[in-house]
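Remarks on the overall topology
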Amino acid sequence: MILWIIKRDLLLAMRRRSDVLTTLFFFIIVVSLFPLGVGPEMNMLRMMAPGVVWVAALLASMLALGRMFSSDYVDGTLEQMLLSPVSLSGLVMGKALSHWLVTGVPLVLMAPVLGIQYDLPVEALMVLTLSLLLGTPVLSLVGAIGAALTLGLRGGGVLVSLLVLPLYIPVLIFGAGAVEASTAGMGFDAHLSLLGAFLLVSLVFSPWATAASLRISMA
Amino acid sequence: MLTANNLECSRGDHKLFAGMNFSVKAGELMLVSGPNGSGKTSLLRLLCGLSVPDDGEICWDGINIRELGGDYRSVMTYLGHLGGIKDDLTAIENLRISCALAGCEIDEEQATDALRRMGLTGRETLPAKVLSQGQRRRVALARLLVTRTKLWILDEPLTALDVAAIELIKGMLEHNLSQGGMIVMTTHQELNVAAAATHQLVLS
């Protein structure tokens, strides 16, 4: 069942490529603007790289959150999902995973290329990619809760940022921290382990919380 | 058997209905009618479990549908105003996905066959956005041909349909009723469906 949802959402994303590309281009442009604005100060750029890339990734992931459930809500598919005999948590998990495949994976793949602009060493680029790989699914899973809670509200877009961005802070701190630790020559394992732990916790709790929020929003 | 005991529902401060009792047995049809805003859709949403009544309970074979959860949802099909049709998907993809969501997966052949029986020959692989209102409605209703659920809850299934399609739907309803199914539906049109018993519920 999860596979059906993922297949459908990926198919829809393929038919509407502009939505996918908007997120990716937003990420590329924001990350590329900083070196242009700051100037060729290598030390400064190296220092700010992890933070800039991670904040851009958070915002890019947020950008597509509004669409996660709203299109299904408008055309009635969400009603059918709520009335499906299969568990709603499973369906929601499928939606969050396809959100990550569409918005998260392209960012992970682009990150090492963009990191070169900041003169990051090879090891730091690897850590950056790895931290994004572990962190971006958390963003999609946690974001799903916010998207479900603000469904059908006017000004839901602003509200969802207020709800969700504070929850993104731990991911941001440890994601960017991993890269900083690696450039400083310290171990980054602990940071990545914590990101992995966040991922596991959100995999378990987020679908359940999102399903409950959807039922509240639709009642 | 679907029973409603002492059902009460309100929208904001406005009370739509209170103390409503009825039961629908195998092979029976219930037609819900009433002017706009009288609570027909609200009633159907209560019956399918999307919303919770202010008071009273809805039971399936004597057990509250809240407790049955997934077991109730697997014997029930709800078709709302919004058909759940995605503009960017073809008719076949739409039908297959809505069937998969309803818990009965079908292959492409079955989907094509169902769409043809709904009079959509030649439109199966067109994206839903180029279909007319009536054709989109037919795609949504095609799900009824494939599902094996007992209880159908249909909200205005006949809107935007032409005479031929209404005859087709009538046949589908009669087929389900003759198999021991139950149907609760709202409609503004006259419809003579042969059923073991037809209840008229008029909301005011």
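Residues numbered from 1 in each chain as written. Chains lettered and ligands numbered in written order. Predicted model: local features only at pLDDT ≥ 70, side-chain atom pairs only at ≥ 80, totals over all residues.

The name an unreviewed UniProt entry assigns to chain B is Heme exporter protein A, from the organism Nitrosomonas halophila.

Named according to an unreviewed UniProt entry, chain A is Heme exporter protein B originating from Nitrosomonas halophila. According to the UniProt record, the Function (unreviewed entry) comment for chain A is "Required for the export of heme to the periplasm for the biogenesis of c-type cytochromes." The record in UniProt for chain A states the following under Sequence similarities (unreviewed entry): "Belongs to the CcmB/CycW/HelB family." (UniProt positions renumbered as here; feature names shortened; annotations may be inferred.)

Notes on the sheet that holds strand 1 (residues 2-11) of chain B
Residues and elements named next belong to chain B. Judged by pairing direction, the sheet is antiparallel, and its four strands sit side by side in the order 2-1-4-5 without closing on themselves. What marks the edges here is a single partner per strand, and that holds for strand 2 (14-24) and strand 5 (63-64). Relative to strand 2, strand 1 runs antiparallel, the two being bridged by seven bridges. The partner of Cys9 across the bridge, within strand 2, is Phe17. Where helix 1 (residues 40-48) meets the sheet, it contacts strand 1, strand 2 and strand 4 (55-60), and its direction lies at approximately 130 degrees from that of strand 1. (Pairing = 2+ DSSP bridges. Helix = DSSP H or I, 4+ residues; strand = E, 2+ residues; numbered from the N terminus. Contact = placed C-beta atoms within 7 Å. Axes fitted to C-alpha atoms, helices over the stretch in contact; angles between N-to-C directions.)

Description of the UniProt feature "transmembrane region" (unreviewed entry) in chain A
Residues and elements named next belong to chain A. When the UniProt feature table is mapped onto this chain, "transmembrane region" (unreviewed entry) is found at residues 20-38, 44-65, 97-118, 124-151, 158-179 and 191-214. Secondary structure across residues 44-65 comprises 91% helix and 0% strand; the distance between its end C-alpha atoms is 32 Å. Between the end C-alpha atoms of residues 124-151 there is a gap of 39 Å, over a span that is 93% helix and 0% strand.

Comments concerning the interface of chain A and chain B
Taken together, the contact pairs 19 residues of chain A with 22 residues of chain B. Mapped onto the side of chain A that touches chain B, the elements with two or more residues apiece are helix 1 (2-15) and helix 5 (77-82) of chain A. Partitioned by chemical class, the residues of the side of chain A that touches chain B number ten nonpolar, four polar and five charged. (Nonpolar A, V, L, I, M, F, W, Y, C, P; charged D, E, K, R; others polar.)

Some remarks on the UniProt feature "domain: ABC transporter" (unreviewed entry) in chain B
The positions that UniProt labels "domain: ABC transporter" (unreviewed entry) are, in the present scheme, residues 2-204 of chain B. End-to-end, the C-alpha atoms of residues 2-204 of chain B are 22 Å apart, and along that stretch the chain is 33% helix and 27% strand.

Remarks on the domain arrangement of chain B
Many structure descriptions define interface size as the accessible area lost when the parts assemble. All names here are of chain B. Annotation of chain B at the domain level lists domain 1 (1-75 + 150-204) and domain 2 (85-148). Computed over C-alpha atoms only, the centres of domain 1 and domain 2 are separated by 23 Å. Counting from both sides, the interface comprises twelve residues of domain 1 and, opposite them, ten residues of domain 2. Of the residues assigned to the side of domain 1 that touches domain 2, the class counts are nine nonpolar, two polar and one charged. (Domains from an automatic or database assignment.)

Regarding helix 8 (residues 156-183) of chain A
Residues and elements named next belong to chain A. Taking 1.5 Å per residue as the helical rise, helix 8 with its 28 residues ought to reach 40 Å, and the 39 Å between its terminal C-alpha atoms agrees with that figure. At Tyr168, helix 8 shows its largest bend, some 35 degrees, and a proline, Pro170, comes one to four positions later. Where helix 8 ends, the next residue or the one after it, Gly185, has phi of about 85 degrees, a positive value. (Expected span 1.5 Å × (residues − 1). Bend = angle between axes of the 7 residues up to and from the residue.)

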